[in-house]
Amino acid sequence: MGKFTALSLAGIISVAAFGPALAADLLPPPPPVEAPILAPAVDTSGWYLRGDIGVGVNQISSLRSTLQPDGAVLPPPTAFAQKSLEDTTMLGVGVGYQINNWFRADATAEYRRQAKYRAVEIYTQGCPTVYCSDTYRANLSTGVFLINGYVDLGTWGGLTPYVGAGVGLAHHWLSNLTDTGLGYGYANDTSKTNLAWALMAGASYDLTRNLKLDLGYRYLNMGSMTTNPISCNATPCFYETQSYKLSSHDFRLGFRYALNEIVAGPMVAPSAPIFGGRPGPLVRKY
């Protein structure tokens, strides 16, 4: 009886000790947990070409004249009753480089179509009536060359807003300046190059991986313009010149095309079943 009890007790202890190990060997292993596949990284850096068309709402300010009737030493009391420079259209091209997904830079050149300049100046000195007026007309066209930098503010559903700034040169051509008043006057054509700068804001939309549609606003400061002296058929002739500052509010539509192929980076795939970040357990084979 005592021997049977001892054997029974030994059996129970053996089952208790080795039962879980035997059960683990007999049960099928849990399914492996695959490593998460990461989204591919897109290489957005590289060269791009751009083309733009737009409308410029031209502004003139600080209009001045050297008109001095009767040979006065100091400028007489004159005033411009009207001054305007009509709106213009523009065509531009450029080449740039996307440095990363938030900063890019480009160099652009554009031609701004000829716009009509008109001003009416009123004066009293040397005038046979209460007051006299001269009407000036001319044509002004401009070429603009800028180095620009942009900060892209993130992309949502293919739409990327941005802000930017640029600096460069504006070259003006003034032609066919005439002066109609008590007599008739004209000035030779002239040109002038100034420092120009710009502030920009807008948004681009991804049409394809390589092609973007760009819609933007730009404030463009184009420096100043000074005419040649105005010769006239009246006596005396005062050979006046005019000067004014130029700026514009531009609204542009353009396209940007990336020259490099937009390639996705490697994706992460598991090399072995992973359980909680560690390799899976070894399974005994029979």
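Residues numbered from 1 in each chain as written. Predicted model: local features only at pLDDT ≥ 70, side-chain atom pairs only at ≥ 80, totals over all residues. Heavy atoms only, no water.

*Asks:* If you had to explain the overall build of the protein chain to someone new, which residues and values would you point to?
*Replies:* Within the protein chain one finds 1 helix and 13 strands. Taken from the N to the C terminus, the helices and strands of the protein chain come in the order α-β-β-β-β-β-β-β-β-β-β-β-β-β. For the protein chain, buried positions account for 32% of its 286 residues. Taking the contacts inside the protein chain whose residues are at least 6 apart along the sequence as the reference set, 74% of them involve residues at least 24 apart. Per element, the accessible surface of the protein chain, about 17,000 Å² overall, is 66% carbon and sulfur. (Helix = DSSP H or I, 4+ residues; strand = E, 2+ residues; numbered from the N terminus. Buried < 20%, exposed > 50% of the residue type's maximum accessible area, 1.4 Å probe, protein only. Contact = heavy atoms within 4.5 Å. Areas by Shrake-Rupley, 256 points an atom, 1.4 Å probe, with all protein chains shown as cover.)

*Asks:* Could you give me a rundown of a nonpolar patch on the surface, with the residues and numbers involved?
*Replies:* Nonpolar side chains collect at one region of the surface, where Trp47, Leu49, Val95, Tyr97, Ile99, Tyr257 and Leu259 lie side by side and expose about 670 Å² of accessible area between them. Taken together, the elements giving at least two residues each to the nonpolar patch come down to strand S1 (46-65) and strand S3 (88-98). Note on placement: tyrosine 97 falls in strand S3. (Patch = residues over 30% accessible without salt bridge, like charges linked within 9 Å, V, L, I, M, F, W, Y side chains within 5 Å. Salt bridge = Lys/Arg side-chain N within 4 Å of Asp/Glu carboxyl O.)

*Asks:* Describe the side chain of arginine 252, and please don't skip the residues or the numbers.
*Replies:* Mapped onto the secondary structure, arginine 252 falls in strand S11 (residues 242-258). The side chain of arginine 252 is buried and forms no salt bridge, while glutamate 110, the nearest opposite charge, is found at 4.2 Å. Setting aside residues up to four positions removed in sequence, arginine 252 forms contacts with Arg50, Asp52, Ile53, Gly54, Met90, Glu110, Met200, Asp214, Leu215, Gly216 and Arg218. (Lys, Arg positive; Asp, Glu negative; His and termini not counted.)

*Asks:* Explain the pattern of salt bridges to me, using residue names and the numbers behind them.
*Replies:* Overall, the coordinates contain 9 salt bridges when judged by the stated rule. Measuring nitrogen to oxygen at the nearest pair gives 2.9 Å for the salt bridge that ties aspartate 52 to arginine 50. A single burial state applies to aspartate 52 and to arginine 50, both of which are buried. Lysine 212 serves as the salt-bridge partner of aspartate 206, at 2.5 Å between the closest nitrogen and oxygen.

*Asks:* An account of unusual backbone geometry is requested, with residue identities and associated values reported.
*Replies:* At serine 62, a position not held by glycine, the phi torsion is positive, near 55°. Considering the arrangement of structural elements, one finds serine 62 in strand S1. At asparagine 176, a position not held by glycine, the phi torsion is positive, near 60°. Among the secondary structure elements, asparagine 176 is positioned in strand S6 (residues 159-180).

*Asks:* Please give an account of the environment of alanine 203 that cites residues and values.
*Replies:* Structurally, the position occupied by alanine 203 is in strand S8 (residues 190-206). Through-space distance from the C-alpha of alanine 203 to that of glycine 216 is 6.3 Å; in sequence the pair is 13 residues apart. Beyond its immediate stretch of four places on either side in the chain, alanine 203 contacts Leu159, Thr160, Pro161, Tyr162, Leu213, Asp214 and Leu215.

*Asks:* Describe in detail the confidence of the model for the protein chain, supporting the description with residues and values.
*Replies:* When pLDDT is averaged across the protein chain, the result is 81; 70% of the residues are at 70 or more. Taken as a whole, residues 70-75 scores under 50 in pLDDT and shows 9 contacts with residues more than four places along the chain or in a different chain. (pLDDT = per-residue confidence, 0-100.)

*Asks:* Please provide a residue-by-residue account of the packing of aromatic side chains, values included.
*Replies:* Counted by the stated rule, this structure contains 6 aromatic pairs. Between tyrosine 117 and tyrosine 244, the aromatic rings sit 4.9 Å apart at their centres with planes inclined by 20°, giving stacked as the arrangement. Residue tyrosine 117 is found in strand S4 (residues 103-123), and its partner tyrosine 244 is found in strand S11; the two are separated by 127 residues along the sequence. Considered together, tyrosine 117 and tyrosine 244 belong to a single accessibility category, that of buried residues. Considering the side-chain rings of tyrosine 150 and tyrosine 162, the 5.8 Å spacing of their centres and the 85° angle between planes classify their relative orientation as edge-to-face. Here tyrosine 150 is found in strand S5 (residues 132-152), whereas its partner tyrosine 162 is found in strand S6, with 12 residues between them in sequence. The ring of tyrosine 150 has arginine 104 lying over it, and the distance from NZ or CZ to the ring centre is 4.2 Å. It is arginine 104 that lies over the ring of tyrosine 162; its NZ or CZ is 4.9 Å from the centre. (Phe/Tyr/Trp six-rings, centres within 6.5 Å; stacked < 30°, edge-to-face > 60°. Lys NZ or Arg CZ within 6 Å of the ring centre and 35° of its normal.)

*Asks:* Lay out the environment of leucine 177 with the relevant residues and their values.
*Replies:* The topology assignment puts leucine 177 in strand S6. Residue classification places leucine 177 among the buried residues on the basis of a relative accessible area of 3%. Once residues within four sequence positions are removed from consideration, leucine 177 is found in contact with Tyr136, Arg137, Ala138, Gly185, Tyr186, Ala187, Thr227 and Ile230.

*Asks:* Describe the nonpolar core, naming the residues involved and giving the relevant values.
*Replies:* Counting residues in each nonpolar core, the largest one holds 23 residues, and the members touching the most others are Leu85, Tyr117, Tyr244 and Leu246. Sorting the residues of this core by element identifies S1, S4, S5, S6, S8, strand S9 (211-226) and S11 as the ones contributing at least two each. Sort the elements by how many residues they give to this core and S5 lands first, with 5 residues. If we ignore the near neighbours within four places in the chain, the residues touching tyrosine 244 are Ile60, Ser61, Ser62, Leu63, Tyr117, Leu174, Gly223, Ser224 and Met225. (Core = buried A, V, L, I, M, F, W, Y, C linked by side-chain atoms within 4.5 Å.)

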